[in-house]
Amino acid sequence: MNFFKRAWLNLTAKWGRSVLLVLVTSAIMLFVLAGLLIRNAANTATSNAKKSVGATITLSANREAAFKKMRQQTTSSSNKQQRPKLTTTPVKLSDAKQIAKLKNVASYNASVSTSANAKSFDAISTSSSGGMGGQTMGGMSSNGDILISGVTATSAVTSFSNNSSKITKGRGITASDAGTNNVVIESELAKQDKLSVGDTIKLKGTTGKKTTYTMKIVGIYKAASSASTEQGPGATDPANSVYTSYTFANTVKGSKYKNTADSVTFTLSNPAKASSVTAAGKRLISTSKYSLSSDDSSYQTVKASMNNVKSFADKIVWLVAIAGTIILALIIILMVRERRYEIGVLLSLGEARWKIVAQFFAEMVMVLVVSLVLAGFGGKFVGNKLGQQLISQQTTTTATTTIGSTNQQPGGGNGQAPSGNPGGSGQPSGNQTGGSARHGHQMTKGATADQSQLNIDVTLLDLVELGGFGLAIMFLSIMIASGGILRLQPKKVLID
Amino acid sequence: MLKVTDLGYWYDRQANSLFEHVNLNFESGTSYAIVGQSGSGKTTFLSLLAGLDKPRAGKIEINGEPINELGLTTYRRSQVAIVFQSYNLLTYMSPLNNLMTAMAITNAKHRGDRDYARSVLRKLGLSDQQMTKNVQRLSGGQQQRVAIARTMVCDAPLVVADEPTGNLDETNTKDVIAQFQKIAHEQHKCVIIVTHEPDVAAACDHAYRLAEHQFKKEA
């Protein structure tokens with residue numbers, strides 16, 4: 001073990017050279033640590049993002065099959081003057097419950113959209129709103145001025161879960177509101193009509209017997225500030241959107257809709273299993289009547305962007321490790337050449353060559369230990385800076401992608417739904433009064449926000465991993481340089 | 001103790017050999033001088049005796065065992081101590097640490113004994129302060145004494161020295177030669193010194209002159 005002592009004596013005697021070696025090694029270790037930190041943080045962030053963005057699958061009427069059936073009826077019908085009729089099947093909740101039992105399904109949310117007319121209060125009217133009335137294809141021709149979104153729970157509605165809509169007073173709709181006439185109204189509507197939590201309002205149906213329903217206000221919500229009034233026939237102000245239990249919305253639609261929903265959105269506990277859950281769900285339903293589609297785009301977007309960060313961090317680690325090995329190897333080769341005389345003396349004393357190599361290695365390990373401490377202090381700073389730079393680039397890319405994809409979603413329809421309807425799947429709903437398309441853009445925005453920060457902390461494990469990298473770099477460098485030591489003949493050094 | 005049999009050495013061609021068919025015996029407790037003109041091959045001969053190089057022909061035995069069978073590294077570690085003209089000390093160490101390192105490498109009897117190392121250095125005239133200074137801050141004569149002390153603390157029975165007085169003044173030369181004589185006679189070691197200085201050769205018990213590829217004993 002004498003070579004340890006020699007290594008120590010050499011480092012302390014030539015302290016200037018040792019300080020330079022420590023600085024060079026620290027710089028290399030600093031970048032390796034930054035890479036490792038970013039890679040580890042990206043792993044954690046990806047895993048967190050997976051949990052936070054989630055993925056959904058949506059069960060709804062199979063419109064494609066319904067259209068096909070409608071066209072077949074049209075061609076076979078002798079009465080050419082009869083208008084074609086699109087008939088879609090509402091989703092049976094019993095089918096939805098079967099899917100809800102599948103593994104990796106965390107929860108589900110039934111959604112029913114319909115409309116009614118305000119009776120005991122005034123709906124907010126916009127100058128361009130007309131009475132052209134919603135979709136007529138399903139035969140539900142009437143369109144009320146209040147848009148009713150029946151849900152299992154408002155907390156499961158995307159606009160609420162990502163905080164673009166907020167309950168400001170009272171509470172939201174929950175599963176326990178099933179079978180009640182409880183309602184959550186928009187704050188502007190509440191202000192306009194001086195309504196508050198606990199008050200009752202009346203709604204009048206637009207179809208059949210045009211029943212009047214007495215509703216109890218249990219909560220007031222503030223819609224997203226970005227929600228704008230849609231112009232055009234049948235459009236209504238977003239403030240006229242109210243949330244009720246899906247059972248009430250079904251009652252308004254008619255008795256035949258009992259225990260059904262326009263669509264049911266299932267939230268998955270593991271977004272990576274979206275495809276397998278969809279496949280398993282399809283085996284439980286009649287695919288000619290229903291469609292089951294997955295929406296894990298947010299998850300995929302986040303996964304892709306975080307994988308980019310991880311891949312970049314991996315490249316940093318390897319690039320710095322390789323460059324570091326080359327730099328250190330060159331330094332050590334120069335050092336060995338400078339120490340030929342010392343090597344010759346040691347060889348003449350009968351020192352084994354491997355012990356001379358071990359002495360150089362021990363010197364570098366001592367340098368490495370000091371460098372690890374320095375890199376440990378500096379690594380967090382550099383890692384944070386690099387990580388934030390990477391994340392800001394990735395977030396910009398993701399946001400751009402999200403906006404692009406949102407614009408391509410099927411939108412419009414007659415009337416306007418509260419932004420970010422359940423599941424946000426973009427599924428067109430079938431036989432609904434005042435039907436509206438679903439916009440799911442808010443979910444991806446939420447996911448992007450979640451990945452805007454990387455948690456970069458230097459842990460003991462990071463330092464151990466860095467130490468491992470450092471040792472490997474030192475070992476390789478010494479091995480490359482030791483070729484000169486092993487070939488060195490003491491006579492050539494000391495006598496010739 | 002050290003037996004050289006039919007030894008020969010050349011660089012490129014045997015025809016240009018430095019020496020051939022050399023047969024010599026070196027005994028313990030005796031000092032030997034190897035003299036000869038510059039370039040005659042006396043340092044090369046010494047490097048063969050020191051195990052720093054391999055002979056082209058013949059063999060060297062120590063206590064009846066060929067040194068190539070012993071292994072040159074093992075031979076250098078356990079059987080031979082070398083003193084060079086340029087001292088060849090470890091420059092980043094103090095005299096004391098140089099001795100401690102040599103004792104550790106050669107696995108000497110007094111390995112790890114700092115007091116012993118100090119006592120040897122004191123015998124050679126170094127003060128306690130000088131012992132802990134960096135060797136490069138000592139004079140040439142003091143450095144050579146450290147190199148000699150290094151051979152004394154190792155248990156090697158053979159001491160070879162290449163021009164040990166080449167960089168020293170007259171006083172230091174006399175002092176160094178006296179030390180070598182002590183090593184030979186008091187420590188009962190075999191001391192072989194390569195020199196071109198007649199005074200040094202004269203001080204040794206025996207002298208051999210290398211001339212015309214052969215060693216001849218001087219009177």
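None of the values given here were measured: they were computed from a predicted structure. (Residues numbered from 1 in each chain as written. Chains lettered and ligands numbered in written order. Predicted model: local features only at pLDDT ≥ 70, side-chain atom pairs only at ≥ 80, totals over all residues. Heavy atoms only, no water.)

## Here we look at the overall build of chain B
Next, step 1: A count of helices and strands for chain B gives nine helices and ten strands.
Next, step 2: A burial count over chain B gives 57% of its 219 residues as buried.
Next, step 3: Contacts in chain B between residues far apart in sequence, at least 24 positions, make up 69% of those at least 6 positions apart.
Next, step 4: Counting every atom, chain B has about 9200 Å² of accessible surface; 42% of that belongs to carbon and sulfur. (Helix = DSSP H or I, 4+ residues; strand = E, 2+ residues; numbered from the N terminus. Buried < 20%, exposed > 50% of the residue type's maximum accessible area, 1.4 Å probe, protein only. Contact = heavy atoms within 4.5 Å. Areas by Shrake-Rupley, 256 points an atom, 1.4 Å probe, with all protein chains shown as cover.)

## What to know about the pairing of strand S7 (residues 158-162) of chain B
Residue and element names in this part refer to chain B.
Next, step 1: Burial analysis of S7 places five of its five residues in the buried class, which makes it a mostly covered element.
Next, step 2: Here S7 shows no split at all, with Leu-158, Val-160 and Asp-162 on one side and Val-159 and Ala-161 on the other all buried.
Next, step 3: The sheet contact formed by strand S6 (residues 80-83) and S7 spans four bridges and is parallel. When the sheet's bridge partners are listed, Ala-81 is paired in S7 with Val-159.
Next, step 4: The sheet contact formed by S7 and strand S8 (residues 190-194) spans five bridges and is parallel. Considered in S8, the bridge of Ala-161 is made with Ile-193.
Next, step 5: One crossover worth recording links S7 to the parallel S8 by way of helix H8 (residues 170-186), and it is right-handed. (Pairing = 2+ DSSP bridges. Right-handed = clockwise from strand over helix to strand, strands pointing away.)

## Comments concerning the confidence of the model for chain A
Next, step 1: Per-residue confidence for chain A gives a mean pLDDT of 76; residues scoring 70 or more make up 76%.
Next, step 2: Contacts for the low-pLDDT stretch residues 401-451 of chain A, under 50 throughout, to residues beyond four places or in other chains number 136 contacts. (pLDDT = per-residue confidence, 0-100.)

## Digging into the packing of helix H1 (residues 2-13) of chain A against helix H4 (residues 95-106) of chain B
Next, step 1: Interhelical geometry of H1 of chain A versus H4 of chain B gives an angle of 155° and a closest axis separation of 10 Å. Regarding the angle of H1 of chain A to H4 of chain B, the classification is roughly antiparallel. Here the hand of the crossing between H1 of chain A and H4 of chain B comes out left-handed. Contacts from Asn-2, Lys-5, Arg-6 and Leu-9 of chain A of H1 of chain A reach H4 of chain B at Asn-97, Thr-101, Ala-104 and Ile-105 of chain B.
Next, step 2: Looking at the contact of H1 of chain A with H4 of chain B, its residues break down into three nonpolar, three polar and two charged. (Axes fitted to C-alpha atoms, helices over the stretch in contact; angles between N-to-C directions. Parallel < 35°, antiparallel > 145°, perpendicular 65-115°, else oblique. Left-handed = near helix turned anticlockwise from the far one by under 90°. Nonpolar A, V, L, I, M, F, W, Y, C, P; charged D, E, K, R; others polar.)

## A look at the environment of Gly-41 of chain B
Residues and elements named next belong to chain B.
Next, step 1: Tracing the backbone shows Gly-41 in the loop between strand S3 (31-36) and helix H1 (42-49).
Next, step 2: Judged by its relative accessible area of 7%, Gly-41 falls in the buried class.
Next, step 3: Between the C-alpha atom of Gly-41 and that of Leu-210, which follows or precedes it by 169 residues, the distance is 7.5 Å.
Next, step 4: Each residue touching Gly-41, except ones within four places of it in the same chain, is listed here: Leu-18, Phe-19 and Leu-210.

## Section: helix H10 (residues 340-348) of chain A
Residue pairs three or four apart in sequence face the same way in an α-helix, which turns once every 3.6 residues.
Next, step 1: Counting buried residues in H10 of chain A gives seven out of nine residues, a clear majority hidden from the surface.
Next, step 2: Among the residues trailing H10 of chain A, Gly-350 of chain A stands out with phi positive, at a value near 95°.

## Overview of helix H7 (residues 246-253) of chain A
All names here are of chain A.
Next, step 1: Of all eight residues that make up H7, six are buried, and the element is covered over most of its length.
Next, step 2: Listed as buried for H7 are Tyr-246, Phe-248, Ala-249, Asn-250, Val-252 and Lys-253.
Next, step 3: Immediately beyond the C-terminal end of H7, within one or two residues, lies Gly-254, with a positive phi of roughly 135°.

## Brief notes about the packing of aromatic side chains
Next, step 1: All chains considered together, the criterion is met by 17 aromatic pairs over all chains.
Next, step 2: Ring plane angle 85° and centroid distance 6.0 Å describe the contact between Phe-361 of chain A and Phe-475 of chain A, whose orientation is recorded as edge-to-face. In this pair, Phe-361 of chain A is assigned in helix H11 (residues 353-407) and Phe-475 of chain A in helix H13 (residues 460-487), connecting sequence segments 114 residues apart.
Next, step 3: Exposure remark for Phe-361 of chain A: the relative accessible area of 24% places this residue in the partly exposed category.
Next, step 4: Residue classification places Phe-475 of chain A among the partly exposed residues on the basis of a relative accessible area of 43%.
Next, step 5: Ring pairing ties together the aromatic residues Phe-19, Phe-26, Tyr-32, Phe-45, Tyr-208 and Phe-215 of chain B, which thus form one cluster. (Phe/Tyr/Trp six-rings, centres within 6.5 Å; stacked < 30°, edge-to-face > 60°.)

## Quick word on the interface of chain B and chain A
Next, step 1: Taken residue by residue, the interface counts 27 residues in chain B and 22 residues in chain A.
Next, step 2: The largest per-residue losses of area from chain B upon contact with chain A belong to Leu-52, Tyr-92 and Ile-105 of chain B, which jointly make up 32% of the total buried on that side.
Next, step 3: Between Asp-53 of chain B and Lys-491 of chain A there is a salt bridge, with the nearest N and O atoms lying 3.4 Å from each other.
Next, step 4: Our enumeration of links across chain B and chain A arrives at seven residue pairs in polar contact (both at pLDDT 80 or more).
Next, step 5: Residue assignment for the side of chain B that touches chain A shows that the elements contributing at least two residues are H1, helix H3 (72-78) and H4 of chain B.
Next, step 6: A total of six residues in the side of chain B that touches chain A trace back to one element, the largest contributor, which is H4 of chain B.
Next, step 7: Along the lines of polarity and charge, the residues of the side of chain B that touches chain A split into twelve nonpolar, ten polar and five charged. (Buried area = accessible area lost by both parts, 1.4 Å probe. Salt bridge = Lys/Arg side-chain N within 4 Å of Asp/Glu carboxyl O. Polar contact = N/O pair within 3.5 Å; in protein donor to acceptor, adjacent residues only side chain to side chain.)

## A few points about the sheet that holds strand S9 (residues 206-211) of chain B
Residue and element names in this part refer to chain B.
Next, step 1: One open sheet accounts for six strands, arranged S6-S7-S8-S3-S9-S10; its pairing is mixed. Both edges of this open sheet fall to S6 and strand S10 (214-217), since each of them pairs with a single strand only. Each adjacent strand pair in this sheet contributes to an overall mean axis angle of 20°, direction not counted.
Next, step 2: Each of S3, S7, S8, S9 and S10 touches H1; the most contacted strand, S7, lies at about 155° to it.
Next, step 3: Against the sheet, helix H7 (residues 140-153) contacts S6 and S7, and its axis sits at roughly 175° relative to S6.

## Observations regarding empty space enclosed by the protein
Next, step 1: The tally for this structure, following the rule as stated, stands at five cavities of 30 Å³ or more.
Next, step 2: In this structure, the largest cavity encloses a volume near 80 Å³.
Next, step 3: In terms of lining residues, the largest cavity is bounded by Ser-348 and Leu-349 of chain A together with Arg-76, Val-80, Ala-81, Ile-82, Phe-84, Thr-106, Arg-150, Thr-151 and Cys-154 of chain B.
Next, step 4: Elements supplying a minimum of two residues to the lining of the largest cavity: S6 and H7 of chain B.
Next, step 5: In terms of residue count, S6 of chain B provides more of the lining of the largest cavity than any other element does, three residues in total.
Next, step 6: Broken down by class, the residue content of the lining of the largest cavity amounts to six nonpolar, three polar and two charged. (1 Å grid on protein atoms, 1.4 Å probe; cavity = no way out; pocket = protein on both sides within 12 Å on 5 of 7 lines; lining within 4 Å. Points joined across faces, edges and corners; volume = space filled by probe spheres on them.)

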